[in-house]
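Secondary and tertiary structure notes
So the chains spell out like this:
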Amino acid sequence: MSDAILTFDHVEKSFFGVRVLKGISLDVPRGKVLGLVGENGAGKSTLMNLMGGVHAPDRGQMLLNGAPYAPRTPSDANAAGIAFIHQELNLFTNLSIAENIFIDGFPRLRWLPMLDRSHMRARTKQYLEAVELHVSPDTLVEKLSPGERQLVEIAKALSFDARIIIFDEPTTSLTARETERLFRLIERLRSDGASIVYISHILPDVMRLADEIAVLRDGELVAHGDKEAFTINRMIALMVGRAIEQLYPPRRSAPTTTPVLEVQDISQQGIVEAITFTLHKGEILGVFGLMGSGRSELARILFGLDEHARGEIRVAGKPYTRPSARRSIDAGMAFVTENRREEGLLMDIAIAENIGLVALPRYAAATVTAVNERRYFTEITDVAASLAIKGGELRQQAVKTLSGGNQQKAVIAKWLLDKPAVLIIDEPTRGVDVGAKYEIYSIINDLAAAGTGVLFISSELEELMGVCDRMLVMSNGEIQATFSRDEFEKERILRAAFRENAA
Amino acid sequence: MKTTNRQHLAQLALQNTSLLLFIVVFVVFGLLAPRFFALQTFETILKQASYIGIVAIGMTFVILTAGIDLSVGSNMYVSATVAGLVMQELKAPVWLGLLVCLSVGMLFGGVNAFLITRVKIIPFIATLGTMVAGKGIGLLFSRSIQIPYPDSVLELGSSRLFGLIPLPIVIFLGVALAAQLVLTMTPIGRQIYAVGNDAEAAKKAGLSVGRVLTSVYIVSGLMAALGGFVSVAQQGVVHPGFGEGYEFNAIAAAVLGGASLFGGVGSVLPGTLLGAVLIQMIQTGLIFTKVDIYIQPLITAAIIFSAVLLDAFRNIQLQKLRRRNIRIDKGALVGAGDD
Ligand SMILES: Nc1ncnc2c1ncn2[C@@H]1O[C@H](COP(=O)(O)OP(=O)(O)OP(=O)(O)O)[C@@H](O)[C@H]1O
Ligand SMILES: [Mg+2]
């Protein structure tokens, strides 16, 4: 293999006595893209946190260009030319792009304690050009889309001339076009001589970008080599520790014809228009659309988080007026949002309490009684186990210490405990590893078999085709077409999804 | 097209609620009591707003980091008391008295900062504690007795710059200007906004969050002491109840001026300045219109409450307006979705 810009030498890391990295030795190749894959909680982000100065290794050391390297803070890492673009972006939305880029080392006006704004602006402009983001350096970050914000993070990496850039699941909130732009940029950074670490659960992306691939499992490096030595199936087998024959579990039940959710002509100006469909008991109904097609907005309206101007919703045959989240829950609806950090979880609270939150009232017999603690906790443990949530003591550890994918599972677990009549689930497998995806599909199947009507929103057509009974295709806030399972055909569905701006 | 225009207008109005409220209150009182429009009245209002305004400026720094400083009232009392005693007992000159006052205020702020950043007590509880303790210390010094200030201070308080603008107003405006410059033009100013927006991210970006927090509580302490001195310079004595309840007015002024208690949003100019003057204007206006003196506090509180309520409502509305339109209406393609 090639020469290394950074070497991990038997690094170990434990949290609360749990060994997360068990003596990893790995060379990060110079001037290449290293793809880093592994299951949720395998330790990918933790390994990169060592490099980025977020955590220090308990044992072992790192070498940067052959010399010992021990950053104590993220700024140390930056100073050493290492940029870490986190799973959750790290920008200040109330500040301008230029201010974000220079936040920890503002250029000053000669001896004055003042910002040198014109200098900041000029430099920022140059970096923005390099990442092909054509907006003013004074633009507030809150005005930017997720993809544009990511470009700002990359521009920031350029500002301190980073030689190593780490991308931790960068595409989770990008549109297809933004993803494409990011890939081109990564390729250009590499040809300019930067070394890149690219972490993702989307294995085809890794195959496409990486020169070398490293696979982590349970805190150990199980394989590392040139891309040519890997196939997607081999990566999966290495990650999971066994071969996975099937990506989708077989359906064990058929949908009924009893409606559980009837939506009639729902409209809200500028958001959705004339949405009409029926979800049946035991049915898995997919909602496919490109990013920005109105899928998530529709889900929020149905669950009562946003208002609608016109139309009618019936849940289990009963008209459902003035929707609100609480009333939706009472009516037997559940909603797994796509936005786990902001909407789905209380980050500083223990895992168990997060999972138990929605179902809590069920465990109190009367209005003013103590929660039946034991039954409550047993059921939480069951749900957590069935989703294979990895991450220490359920009752003590805060959700924010979970790995990204395990946070996602906790959000799902939260709603499963309540055994809903209608489950609206928005991008449940984003950032989740292959094994856990299978688990999530199985759970959706089981719920459907038990009579839950599932509205499954996703931008991954493959998984919808693998799991759903029927599929709605949205674009421009409207339902463009409906397909039943025997009509599933990739090309036709995609054509419907792109059918916008017909005017 | 029409709807977008209306939306823009709505957005503009919502973004400037404090200015609108200011104008409304001004016009209403002016119509009820024409004397209200006199330049003299305006000068009085500004002068009386000056000390709360100065305290509110310090409070704005704290609120910008998503913190709160409940101890400013007690701080005003302690620092003014100690300075008064130094001038009275030791016959210290006025400049030394002022210096002592400001030093005590900064020390007070430093204690808050220590409790918050080192002992890691949340700001609400930490400053609630120092509010009670501070008052106690002040009373220990003063023995609950009024402390008179030398006449020279009173003269200073009623003097005018170039014989034109009352000194308290000059100090108020000067401090406001300086504070705004610090917030917008200096590294620490921008870092205050960053910490208020996302303290976790600030840590990851390599900022010293502790240093930023320490400086805002010290600034708040300094401003409380200065505000207290300016106030005493107008009254001549420090009575035992001095400073009590001022934290409410200071917080209200900052919030009326558009500062968000969640941090990261707000300004001193025009924000807090406008808020402080607005509160004083309401109080003066109520006197002018001869409203029952026992009802006045209720009306003041009602206006402040509704403004803060409006602020909460405004944020929700602004968020809604900002949300991108995702649908392109086939009929009216023009101008849709630009925000
Ligand atoms: N600060 C922390 N405190 C306690 N435990 C932690 C902390 N950070 C990570 N862990 C634990 O370490 C393990 C590895 O987490 P890590 O974030 O590295 O996983 P990952 O491979 O990035 O997974 P994902 O693909 O889900 O993001 C997890 O079990 C996680 O709960
Ligand atoms: Mg991770």
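My aim in this report is to walk through the structure given alongside it, one point at a time. Here the residue index of a chain counts from 1 through its sequence in written order. All chains are assigned letters beginning with A, and all ligands numbers beginning with 1, in the order in which they are written. For this predicted model, a pLDDT threshold of at least 70 governs which residues receive local features, and a threshold of 80 or more governs which side-chain atom pairs are given and counted, while totals over whole chains, interfaces and linings are taken from all residues. Excluded from the side-chain calculations are hydrogens and water; all other atoms, namely the structure's heavy atoms, are used.

Here we take up the nonpolar core. For the purposes of this section, nonpolar cores are sets of buried Ala, Val, Leu, Ile, Met, Phe, Trp, Tyr and Cys residues that join through side-chain atoms within 4.5 Å. Burial classification: accessible surface area is computed with a 1.4 Å probe over protein chains only, and a residue below 20% of its type maximum counts as buried, one above 50% as exposed, and the rest as partly exposed. In this structure, A:Ile154, A:Phe167 and B:Tyr149 are the most contacted members of the largest nonpolar core, which totals 140 residues. Strands here are runs of E lasting at least two residues and helices are runs of H or I lasting at least four, both read from the DSSP assignment and numbered beginning at the N terminus. Of the residues forming this core, the biggest block, 14 residues, is contributed by helix H3 (residues 39-64) of chain B. Here, two residues are considered to be in contact whenever any of their heavy atoms come within 4.5 Å of each other. Discounting residues that sit within four places of it in the chain, A:Phe167 has contacts with A:Ile85, A:Ile154, A:Leu182, A:Ile186, A:Ile196, A:Val197, A:Tyr198 and A:Ile199. Counting 79 residues, the second largest nonpolar core, distinct from the first, contains A:Val260, A:Ala410, A:Trp415 and A:Leu472.

Turning next to the interface of chain B and chain A. Tallying the contact residues gives 28 residues for chain B and 39 residues for chain A. What counts as buried area is the accessible surface, traced by a 1.4 Å probe, that two parts surrender upon association, with contributions from both included. Together chain B and chain A conceal approximately 3100 Å² of surface at their shared face, both sides included; 52% is due to carbon and sulfur atoms. Definition used for salt bridges: Asp or Glu carboxyl oxygen within 4 Å of a side-chain nitrogen of Lys or Arg. One can count one salt bridge joining chain B with chain A. Where B:Arg190 meets A:Glu99, a salt bridge forms, and the shortest distance between an N and an O atom there is 2.7 Å. Between N or O atoms, a polar contact is any pair within 3.5 Å; within protein, one atom must be a potential hydrogen donor and the other a potential acceptor, and residues adjacent in sequence are included only when both atoms are from side chains. At the boundary of chain B with chain A, the tally comes to seven residue pairs in polar contact (both at pLDDT 80 or more). Looking at the side of chain B that touches chain A, the elements with two or more residues in it are helix H8 (167-185), helix H9 (187-197) and helix H10 (199-204) of chain B.

What follows deals with unusual backbone geometry. Cis geometry is adopted by the peptide bond preceding B:Pro270, which originates at B:Leu269 and carries an omega value of 0 degrees. In this structure, B:Pro270 sits in helix H13 (residues 268-288). Backbone geometry at A:Glu169 places phi at a positive 45 degrees, although glycine is not the residue there. Tracing the chain through its elements places A:Glu169 in the loop between strand S7 (164-168) and helix H6 (176-191). On the accessibility criterion, A:Glu169 (6% relative accessible area) is buried. Even without being a glycine, A:Asp265 presents a positive backbone phi close to 60 degrees.

Another aspect to go through is helix H15 (residues 434-449) of chain A. An α-helical turn contains 3.6 residues, so a residue and the one three or four places further along point in the same direction. Residues and elements named next belong to chain A. To estimate how far a helix should reach, multiply one less than its number of residues by 1.5 Å. Helix length check: H15 (16 residues) gives 23 Å between terminal C-alpha atoms against 22 Å at 1.5 Å per residue, within 8%. In terms of burial, H15 is a largely internal element, 12 of the 16 residues being buried. Capping the start of H15, Asp433 holds a side-chain oxygen 2.8 Å from the backbone nitrogen of Ala436, two or three residues further along.

Okay, the sheet that holds strand S1 (residues 4-15) of chain A next. Residues and elements named next belong to chain A. A pair of strands is treated as paired once DSSP finds two or more bridges between them. The four strands are arranged S2-S1-S4-S5 in an open sheet whose pairing can be described as antiparallel. In this open sheet, the two strands that pair with only one neighbour each are strand S2 (18-29) and strand S5 (67-69). Strand-to-strand, the axes of this sheet are offset by a mean angle of 30 degrees, without reference to chain direction. Inspection of the sheet shows S1 paired to S2 by nine bridges, in the antiparallel sense. Pairing of Lys13 across the sheet is with Leu21, part of S2. Every axis corresponds to a line fitted to the C-alpha atoms, with the helix fit spanning only the stretch in contact, and the corresponding angles, defined between N-to-C directions, vary from 0 to 180 degrees.

All names here are of chain A. In these notes, residues near a molecule or strand are those with any non-hydrogen atom within 4 Å of it. Lys44, Ser45, Thr46, His201 and Gly405 are the nearest of the 22 residues found near ligand 1. With respect to ligand 1, the backbone of Gly41 contributes an N or O atom lying 2.8 Å from an oxygen atom. With respect to ligand 1, the side chain of Lys44 contributes an N or O atom lying 2.7 Å from an oxygen atom. Put simply, the parts of the chain that give the shell around ligand 1 at least two residues each are helix H1 (44-51) and helix H14 (404-416). The dominant element in the shell around ligand 1, judged by the number of residues it contributes, is H1, at three residues. For the shell around ligand 1, the class distribution of residues is five nonpolar, 13 polar and four charged. Throughout, the ten residues Ala, Val, Leu, Ile, Met, Phe, Trp, Tyr, Cys and Pro are labelled nonpolar, Asp, Glu, Lys and Arg are labelled charged, and all others, Gly among them, are labelled polar.

This brings us to the pattern of salt bridges. All names here are of chain A. The final tally for this structure, using the stated rule, is 25 salt bridges over all chains. Among the ionic pairs, Asp3 bridges to Arg30, the shortest N-O distance being 3.0 Å. Of this pair, Asp3 sits in the segment before S1 while Arg30 sits in the loop between S2 and strand S3 (33-38), and the two are 27 residues apart along the sequence. For Asp138, the salt bridge goes to Arg121, with nearest N and O atoms at 3.0 Å. A residue pair is termed long-range when its members are at least 10 positions apart, and Asp138 in the loop between helix H4 (117-130) and helix H5 (146-159) and Arg121 in helix H4 qualify at 17 residues. The exposure class assigned to Asp138 is partly exposed, which follows from its relative accessible area of 39%.

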